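Residue strings, one per chain:
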Amino acid sequence: MDLLDIAVKTLGNKIGNSGANSDLVKGVVGKLIGSGNSLDLAGLVDGLDKEGLRSVAESWLGDGENDEISTDQVKQVLGGNQIAEAAQALDTDEGSLLEGLKDLLPEMVDKSSAGGSLLDSVGGLGGLAKKFL
């Protein structure tokens, strides 16, 4: 199972859509943090950095504890309109979607950064994060 499938399953469970519409959840996750049929976690990390959340991103990339992100920060990074559209498409409220994403995003970046694969693709932020590994 790839990271996108794990993300779909995890988010689906968090918003109460545990498989009936997994293709729908996959499409929404892809629109929020993806490019085509894959996740763009390097882009997500870059977005965190641009929104002043560099230390949060670094904690997710490192081997230590992951700093928490608030639902407001998730909305800020991913975009309010995109969150609203995603919640509507998933037939859920924005709060539930944001709560699911708040837990999911650190986990996905953390898992994908093991061994440096994500670190190599995020440029300057990756270089800083490598100091922690």
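Use the structure listed above.
What this report covers is the structure whose coordinates are included nearby. (Residues numbered from 1 in each chain as written. Predicted model: local features only at pLDDT ≥ 70, side-chain atom pairs only at ≥ 80, totals over all residues. Heavy atoms only, no water.)

**Quick word on helix H1 (residues 3-14)**
Point 1. An ideal rise of 1.5 Å per residue puts 16 Å on twelve residues; H1 measures up with 16 Å between its terminal C-alpha atoms.
Point 2. Of all the positions in H1, only Leu4, Ala7, Val8, Thr10, Leu11 and Gly12 are classed as buried.
Point 3. Contacts from the buried residues of H1 go to helix H2 (22-33), strand S2 (38-39) and helix H7 (94-112). (Helix = DSSP H or I, 4+ residues; strand = E, 2+ residues; numbered from the N terminus. Expected span 1.5 Å × (residues − 1). Buried < 20%, exposed > 50% of the residue type's maximum accessible area, 1.4 Å probe, protein only. Contact = heavy atoms within 4.5 Å.)

**A closer look at the pattern of salt bridges**
Point 1. Counted under the stated rule, the structure contains seven salt bridges.
Point 2. Across the pair Asp5 and Lys26 runs a salt bridge, and its minimum N-O distance is 3.1 Å. In this pair, Asp5 sits in helix H1 while Lys26 sits in helix H2, placing the two residues 21 residues apart along the sequence.
Point 3. By relative accessible area, which is 31% here, Lys26 ends up partly exposed.
Point 4. When the shortest N-O distance is used, the salt bridge between Glu58 and Arg54 registers 3.6 Å. On the criterion of helical spacing, the pair formed by Glu58 and Arg54 is a turn pair, its members being four residues apart in helix H4 (residues 54-61).
Point 5. Since its relative accessible area comes to 15%, Glu58 is described here as buried.
Point 6. Given a relative accessible area of 31%, Arg54 falls into the partly exposed group. (Salt bridge = Lys/Arg side-chain N within 4 Å of Asp/Glu carboxyl O.)

**Section: the environment of Ala57**
Point 1. As for its position among the elements, Ala57 is in helix H4.
Point 2. Residue classification places Ala57 among the buried residues on the basis of a relative accessible area of 0%.
Point 3. Spatially, the C-alpha atom of Ala57 lies 9.4 Å from that of Asp110, the residues being 53 residues apart in sequence.

**Regarding the environment of Lys102**
Point 1. With respect to the helices and strands, Lys102 occurs in helix H7.
Point 2. Residues Lys102 and Lys75 lie 27 residues apart in sequence; the distance between their C-alpha atoms is 9.4 Å.
Point 3. Apart from residues lying up to four places away in sequence, Lys102 is in contact with Glu68, Ile69, Ser70, Thr71 and Val74.

**Quick notes on the packing of helix H3 (residues 41-50) against H4**
Point 1. The N-to-C vectors of H3 and H4 enclose an angle of 145 degrees; their axes lie 7 Å apart at closest approach. Counting all contacts with H3, which are made through Val45, Leu48 and Asp49, the residues of H4 involved are Arg54, Ala57, Trp60 and Leu61.
Point 2. The residue makeup of the contact of H3 with H4, split by class, is five nonpolar, no polar and two charged. (Axes fitted to C-alpha atoms, helices over the stretch in contact; angles between N-to-C directions. Nonpolar A, V, L, I, M, F, W, Y, C, P; charged D, E, K, R; others polar.)

**Details of unusual backbone geometry**
Point 1. In this structure, Asp91 is a non-glycine residue whose phi angle is positive, near 55 degrees.
Point 2. You can see Asp91 is positioned in the loop between helix H6 (80-89) and H7.
Point 3. Classification of Asp91 as exposed rests on a relative accessible area of 72%.

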